[in-house]
Amino acid sequence: MAHDLVLAGGTVVDGTGSPARTADVGVRGGRIAEVGQIARGAARRYVDVAGAVVCPGFIDLHSHADYTVFAAPGAVTQAAQGVTTLVTGNCGFSPFPVVPEHADELRTHGGFLDDGLPWEWSTAGEYAAAVDRLPLGVNIAPQVGHSALRIAVLGLQDRAPDDGELATMRELAAAAMADGVAGLSSGLIYAPASYAQPGELAAVAAEAARFGRLYSTHVRDEGDHLDGALDEAIEVGRLTGVRVEISHLKAVGPANWGRVGAAVEQIAAARCAGVDVSADQYPYAAGSTTLTTRLPDWTMEGGVPALLRRLADPAACDRIVAELEADPLWSSFLPPRIVVSDTPDGPFRRFVGQPVSAIAAAIGESPARTVLDVLRAQHGVVSIVMHGMAETDVVLGLAEPSVAVASDGWVLHCPGEGMPHPRSFGTFARVLGHYTRDERVLDLPTAVAKMTSLPASRLGWADRGVLRPGAVADLACFDPERVHDRSTFAQPWQLATGVVHTLLSGRFVWEDGATTGVAAGKVVRTGA
């Protein structure tokens, strides 16, 4: 039987960490049919890729594209990097389940990510069906967020669920698992998840364990109390048996720089003790989130509408400022390193791309007061880039084979407005170019494995993330000498270069360095 396609003469890096070899790759019916020497007449289409690396398409374990895919389903920023699957619903944010009495609270909770969601669903299954109707240029694998589950039951209240409420959260989690979500996520620096106690997290994660799914967690503290936050995540795995993924492993603040090595050792020790725990990381010394994360937890009870009411109260503002300025990290480090990356139209939009310290100087106010002024004027919707980590820690994490590469991005279109973090445009190209080819932090087979078979194994996927007969033909083909991340913090709106082809189920969504417009993506339903 003839193959539909043969990629001929490339350097095959199969995703397992095995050495590269020259081989042809035959594709039939959307799956890899043969890897070896294939006669030219054995395919309907024959593409010469000599000199290029052929590998599994990259699987991004940590994306927030569930909030942006409706606006840009072609996902050109991903195809240009060889990314074929985005795992969404991270940090506790998912746009489901939607319960009518708390729908507005769920929408405001993820408002800084939302790029025109239609909100036409209630359940994970209905959300997935809506995404499947889009002309997708990338696969989407949703997770359900713990915060979304909590909001569905408790709204944005700062209290523990009672037994009945916790049972409802578990039922909603189980329903999402039955609908095929890839796992459960939590974001413990964000209200309302920050109000949750460990017992609540373990109870909900037990549902993910029961279905054999992943538990991804943005831990409670990435600074002075990183070790305790990791212990909390590891304990959830020990109590429930769930696979635990530590999201975007890092150590924030100068006093904590150098601690990623100890964190890697702490995770390795837990694995030796029988807990299935690993981590992922983006290859940058800066993160991106919402400006509200810099505020004390109590300010976010009730969500953004309640925050705005507090920001209209001078006494509440005085209390917030006092608490901010009492934090040594704030006064000594953060104002010049927190950059406003995007915000809706308003009086402070003109400051996009500038740090809090510069905005404060321009308006003649203290940095802490400036944060409140910006949030008040911009209705609480302010995205930031925070330059809080050390490059040496980035290298420590990347050098650890068990730490997967993931972007934590959400921008799928290019060009655009604002000053988003370059990780949406360049994460995977940066690892291949800067850290593998140029800096030699990784060898090529290891780098590819950290972006393919490693994330697939964390998700329990046996037929993705590897280049072998029978696997789904999600493939990337790149020039190892030219692959490069062009996006920078100063000029983010630049696609990566050097990826020649990206294929989904054997169909080209990126060919000869340009988008094809082919809608070959789908929702990947785990367990289906």
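For the structure itself, consult the block above.
Keep in mind the model is a prediction, meaning the values are calculated, not measured.

## So, the side chain of serine 487
Within the secondary structure layout, serine 487 lies in the loop between β18 (475–478) and β19 (499–504). There is a polar contact of 2.6 Å between the side chain of serine 487 and the backbone oxygen of proline 492.

## Considerations on the sheet that holds strand β16 (residues 383–386)
The strand order across the open sheet formed by 3 strands is β14-β16-β15, and the pairing between neighbours is antiparallel. For this open sheet the edge positions go to β14 (287–290) and β15 (338–342), each flanked by a neighbour on one side alone. The average undirected angle you get between the axes of adjacent strands in this sheet is 35°.

## Overview of the pattern of salt bridges
Scanning all chains against the criterion turns up 27 salt bridges. The shortest N-O distance in the salt bridge between arginine 210 and glutamate 207 comes to 2.7 Å. A residue pair is termed a helical-turn pair when its members lie 3 or 4 positions apart in one helix, as arginine 210 and glutamate 207 do in helix α6 (residues 198–210) at 3 residues. The exposure class of glutamate 207 is buried, given its relative accessible area of 7%. The residue aspartate 227 makes a salt bridge to arginine 259 at a minimum N-O spacing of 3.7 Å. Pair noted here: aspartate 227 is in helix α7 (residues 226–240) and arginine 259 is in the loop between β12 (243–246) and α8 (260–272), with a separation of 32 residues, a long-range link. Taken together, the shared-partner salt bridges connect Asp342, Asp345, Arg349 and Glu417 into one network.

## So, empty space enclosed by the protein
On inspection of all chains with the given rule, the structure shows 6 cavities of 30 Å³ or more. Volume-wise, the largest cavity comes out at about 70 Å³. Around the largest cavity, the lining residues are His248, Leu249, Lys250, Ala251, Val260, Gln281, Tyr282, Tyr284, Met389, Asp393 and Val394. Size it by volume and the second largest cavity reaches roughly 50 Å³.

## Quick word on the layout of surface pockets
By volume, the second largest pocket is sized at about 490 Å³. When residues of the lining of the second largest pocket are traced back to their parent elements, those giving at least two are β15 and α15 (423–438). Its residues assigned to classes, the lining of the second largest pocket comprises 11 nonpolar, 11 polar and 6 charged.

## Observations concerning the sheet that holds strand β10 (residues 183–187)
Pairing is parallel in the open sheet, where 6 strands are placed in the order β9-β10-β11-β12-β13-β17. Looking at which strands have only one partner, the edges of the open sheet turn out to be β9 (144–145) and β17 (403–405). Where β12 and strand β13 (residues 277–281) come together, 3 bridges link them in parallel fashion. Paired with isoleucine 246 across the two strands is alanine 279, which belongs to β13.

## Considering the pairing of β13
The buried fraction of β13 is high, at 5 of 5 residues. Neither face of β13 is open: one carries Val277, Ala279 and Gln281, the other Ser278 and Asp280, and all of them are buried. What joins β12 to β13 is α8, and the crossover it makes is right-handed. Judged from the 3 bridges that link them, β13 and β17 form a sheet pairing that is parallel. Across the sheet, residue glutamine 281 finds its bridge partner in β17, namely valine 405.

Criteria and thresholds
Residues numbered from 1 in each chain as written. Predicted model: local features only at pLDDT ≥ 70, side-chain atom pairs only at ≥ 80, totals over all residues. Heavy atoms only, no water. Helix = DSSP H or I, 4+ residues; strand = E, 2+ residues; numbered from the N terminus. Polar contact = N/O pair within 3.5 Å; in protein donor to acceptor, adjacent residues only side chain to side chain. Pairing = 2+ DSSP bridges. Axes fitted to C-alpha atoms, helices over the stretch in contact; angles between N-to-C directions. Salt bridge = Lys/Arg side-chain N within 4 Å of Asp/Glu carboxyl O. Buried < 20%, exposed > 50% of the residue type's maximum accessible area, 1.4 Å probe, protein only. 1 Å grid on protein atoms, 1.4 Å probe; cavity = no way out; pocket = protein on both sides within 12 Å on 5 of 7 lines; lining within 4 Å. Points joined across faces, edges and corners; volume = space filled by probe spheres on them. Nonpolar A, V, L, I, M, F, W, Y, C, P; charged D, E, K, R; others polar. Right-handed = clockwise from strand over helix to strand, strands pointing away.

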